[in-house]
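# A structural walkthrough
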Amino acid sequence: MSTARLRLRRVPLHAAAVVTIVLCLFPVYWMITTAFKPNRDIQSASPQLLPHTWTLDHFRTAVDADGFALFWRNSILVTLSAVLLALIVALGASFAVARMRWRGRRQFMLMVFVAQMAPWEALIIPVYIISRDTGMLDRLPTLTLVYFMMTLPFTIVVLRGFIAAIPQELEEAAQVDGCTRMRAFRHITFPLLAPGLMATSLFGYVTAWNEFAYANFLIIKHQDSRTLPVWLSSFQNVFGTDWGATMAASTLFALPALVVFLLLQRHVTSGFAAGAVKG
Amino acid sequence: MSVTREHSAAPARVRLRRPTQRPVRPQPSGVRQRRGAGAWPYLLAAPTVLGMLYLLVYPLARAILISLQDFQLRQLILGHAKFVGLRNYRTLLTDERFWQVVRRTFLFMAVNVVLIMLIATLVALLVERLGSRWRLALLSALVLAWAMPVIAATTVFQWLFHSEFGIVNWALTRLGFSSFERYPWFAHGPAAFTILVLLIVWQSVPFAAITLYSALTTVPSELYESARIDGASAGRIFRAVTFPMIRPIFMLVFSLEVIWTLRRSCRSG
């Protein structure tokens, strides 16, 4: 009796949960299913929630489009190197901020917070001019550097929170036992930081993977250095009314992020949040 | 900014930090002294500072310089721009269209941020009240929406709201709103505005909700119990117990959303 009433009381709660889940997932679901539907089902007056017939034609169109593999590789290369660079640099900076006392520490953190708000859209013209004058136009390292700087401030803020949350006594105990400071950090703090590193790198990954304005502006002449977001947008222009192919291209573009996030769901939610809470 | 946050965040982490923050320590010399001295912190912070100088400060200075010059396509290609002082600023600030755009941008930002914070708080409270299986399902859904790349999401929303074959028009027509049959969402200013707001809210709520939810989990359950024993209503518990405890994170998420939404409206506008 009482458990039944308890269950009844939870009905509105679960209804709200179902509504939220559907609202979150439907666009993703619709993108993927549209990509698998044949054209006559896509352009029909009554859309089917579940595809009756499945086809891979749209994916074939998308993959066979000019330069897909190349742009995919470019995107991966730029994204991974930007994230890795940001992680290494941020690890040093956030360790210095969280664990050491030095003059200028406060000013440094203030600078990081200001950098977090940098108006990247307004900097695109000077960055273009600077990279043109230094011969860095149309080259992937330029993009890598820009993405590195875009993700760095946030990475420092979150990592600082993670490092501050790890009790310093652990390191000190290791140092008392004769570890050097470096070793203490590497063997004690670093493993505990894994969720933090995971969460921040995911954030950087998504930022860099998505970036469009700079990728579109800094790489003009050398078409082989283009990245996936630019490809996707030009694809949409070429295949404008072919919604199946456009959705297949979007799916292929979104897939890495979706898979990685889902696999690391636990780290994203708990790990990332813990860092933000302490930050 | 960091100063105020550190102070206001104190209650949330008192339990964790107390041992490290008390300076009463039996062995004050060795480790603590080393922490204060040396070039290490500067070496560790140097790459960040150098990066910021070259990739942020320098372009910003160039941007300011350009803003004081007569700089057009010709100068972009050939160089040698003429210095014109504050003329560009005068042109901009006296232009009525500029102020119109500024007003619209801020209105757009305000609508978005209010919606995001409201929905995200509700979703966070919902996640906290669910059982573990439901919670995992909801968190996974949120994470998937969050992971959706902006360009892919934009494309999908165009498809969802397609005038002829879009599923939104189909559903609305089926529900009896026959005026939505072949409704061209992107042709009307307010309708397109609505879709943009929907898109940004849909993209931003997951991050805010997940962060707020994790802030909620740090609130000690004893506080809720004692409030309930005192007979406080759910609304009052939220106002008197929950919100003050999560306020630092709430403000952090709030300011991040303001920045991100402003930036995004720049991008889409």
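Residues numbered from 1 in each chain as written. Chains lettered and ligands numbered in written order. Predicted model: local features only at pLDDT ≥ 70, side-chain atom pairs only at ≥ 80, totals over all residues. Heavy atoms only, no water.

## Details of the overall build of chain A
Counted only if it meets this: The way it works is that DSSP assigns letters per residue, a run of H or I at least four long becomes a helix, a run of E at least two long becomes a strand, and they are numbered from the N terminus. Note that the radius of gyration is over C-alpha atoms, with the globule rule given as 2.2 Å times the number of residues to the power 0.38. For every residue, the accessible area (1.4 Å probe, protein chains only) is compared with the maximum for its type, and the residue is labelled buried under 20%, exposed over 50%, or partly exposed between those bounds. For accessible areas, the Shrake-Rupley method is used with a probe of radius 1.4 Å. Any residue's cover is judged against the shown protein chains and nothing else. The convention is simple: Lys and Arg are positive, Asp and Glu are negative, and His and the chain ends are not counted. Note on charges: their place is set at NZ of Lys, CZ of Arg, CG of Asp or CD of Glu.
Each helix and strand in chain A was counted, giving 14 helices and zero strands. Secondary structure elements of chain A occur, N-terminal to C-terminal, as α-α-α-α-α-α-α-α-α-α-α-α-α-α. A compact globule built from 279 residues should have a C-alpha radius of gyration of about 19 Å, whereas chain A, at 24 Å, is more than 25% larger. Principal-axis analysis of the C-alpha atoms gives chain A an extent of 75 × 70 × 30 Å. A total of 279 residues make up chain A; the buried ones form 55% of that total. Counting every atom, chain A has about 12,500 Å² of accessible surface; 67% of that belongs to carbon and sulfur. Charge-centre separation for chain A: the mean point of 23 positive side chains lies 13 Å from the mean point of 14 negative side chains.

## Observations concerning the overall build of chain B
What counts here: Two residues form a contact once any of their heavy atoms are found within 4.5 Å.
A tally of regular secondary structure across chain B gives 13 helices and two strands. Burial analysis of chain B (269 residues in total) assigns 39% to the buried set. Pairs at least 24 residues apart make up 58% of the contacts formed inside chain B by residues separated by at least 6 positions. Taken as a whole, chain B presents about 15,500 Å² of accessible surface, with 65% of it coming from carbon and sulfur.

## Brief notes about the packing of aromatic side chains
The criterion, for reference: Note on aromatic pairs: the rings of Phe, Tyr and Trp (six-membered ring only in Trp) are paired at centre separations within 6.5 Å, and the planes decide the class, stacked below 30 degrees, edge-to-face beyond 60, tilted for the rest.
Summed over all chains, the structure comprises 28 aromatic pairs over all chains. Through a chain of ring-to-ring contacts, the aromatic side chains of A:Phe68, A:Trp72, A:Tyr205, A:Trp209, A:Trp231 and A:Phe253 assemble into a single cluster.

## Notes on the nonpolar core
Basically, it comes down to this: By convention a nonpolar core is built from buried Ala, Val, Leu, Ile, Met, Phe, Trp, Tyr and Cys residues, the set being connected through side-chain atoms within 4.5 Å.
Among the nonpolar cores identified, the biggest contains 155 residues, and A:Trp120, A:Leu143, A:Tyr147, A:Leu193, A:Tyr214, A:Trp231 and B:Met148 are the most heavily contacted of them. A per-element tally of this core places helix α11 (residues 189-217) of chain B first, with 16 residues. Setting aside residues up to four positions removed in sequence, A:Leu193 forms contacts with A:Leu91, A:Leu159, A:Phe162, A:Ile163, A:Ile166 and A:Phe185.

## A few points about the interface of chain A and chain B
Rule in force here: A pairing counts as a salt bridge when a side-chain nitrogen of Lys or Arg comes within 4 Å of a carboxyl oxygen of Asp or Glu. Two N or O atoms count as a polar contact when they lie within 3.5 Å, although within protein this holds only if one can serve as hydrogen donor and the other as acceptor, and sequence-adjacent residues are included solely when both atoms are side-chain atoms.
Contacts between the two partners involve 96 residues from chain A and, on the opposite side, 84 residues from chain B. The tally of links from chain A across to chain B stands at one salt bridge. At the junction of chain A with chain B, the criterion picks out six residue pairs in polar contact (both at pLDDT 80 or more). Here the side of chain A that touches chain B gets 16 residues from one element, more than from any other, and that element is helix α2 (residues 11-36) of chain A.

## Looking at a nonpolar patch on the surface
Inclusion rule: Each patch is built from residues lacking any salt bridge and having more than 30% relative accessible area; the joining distance is 9 Å for like charges and 5 Å for nonpolar side chains (Val, Leu, Ile, Met, Phe, Trp, Tyr).
Together, B:Leu107, B:Val111, B:Leu115, B:Leu118, B:Ile119 and B:Leu122 give the surface a local cluster of nonpolar side chains, amounting to about 510 Å² of exposed area. As for its position among the elements, B:Leu107 is in helix α7 (residues 96-129).

## Considering the side chain of A:Thr251
Here A:Thr251 is to be found in helix α13 (residues 243-263). Not counting the four nearest positions on each side in its chain, A:Thr251 is found in contact with A:Met31, A:Ile32, A:Ala35 and A:Phe59.

## Re the domain arrangement of chain B
Condition: In this document the domain limits rely on a domain assignment from an automatic tool or a database.
The domain architecture assigned to chain B consists of domain 1 (38-94) and domain 2 (97-269). A C-alpha centroid distance of 35 Å is found between domain 1 of chain B and domain 2 of chain B.

## Description of the pattern of salt bridges
Scanning the entire structure with this criterion turns up nine salt bridges over all chains. Three or more residues joined by partner-sharing salt bridges are found here, namely A:Arg132, A:Asp133 and B:Arg62.

## So, helix α9 (residues 168-176) of chain A
Residue and element names in this part refer to chain A. Operational definition: In this context, the arc is that of the directions from the helix axis out to the C-beta atoms.
Regarding α9, the residues found buried are Gln-168, Glu-171, Glu-172, Ala-174 and Gln-175. Considered in projection along α9, the buried side chains sweep an arc of 160° and stay on one side of the axis. Gly-178 sits one or two residues past α9 and shows a positive phi near 100°.

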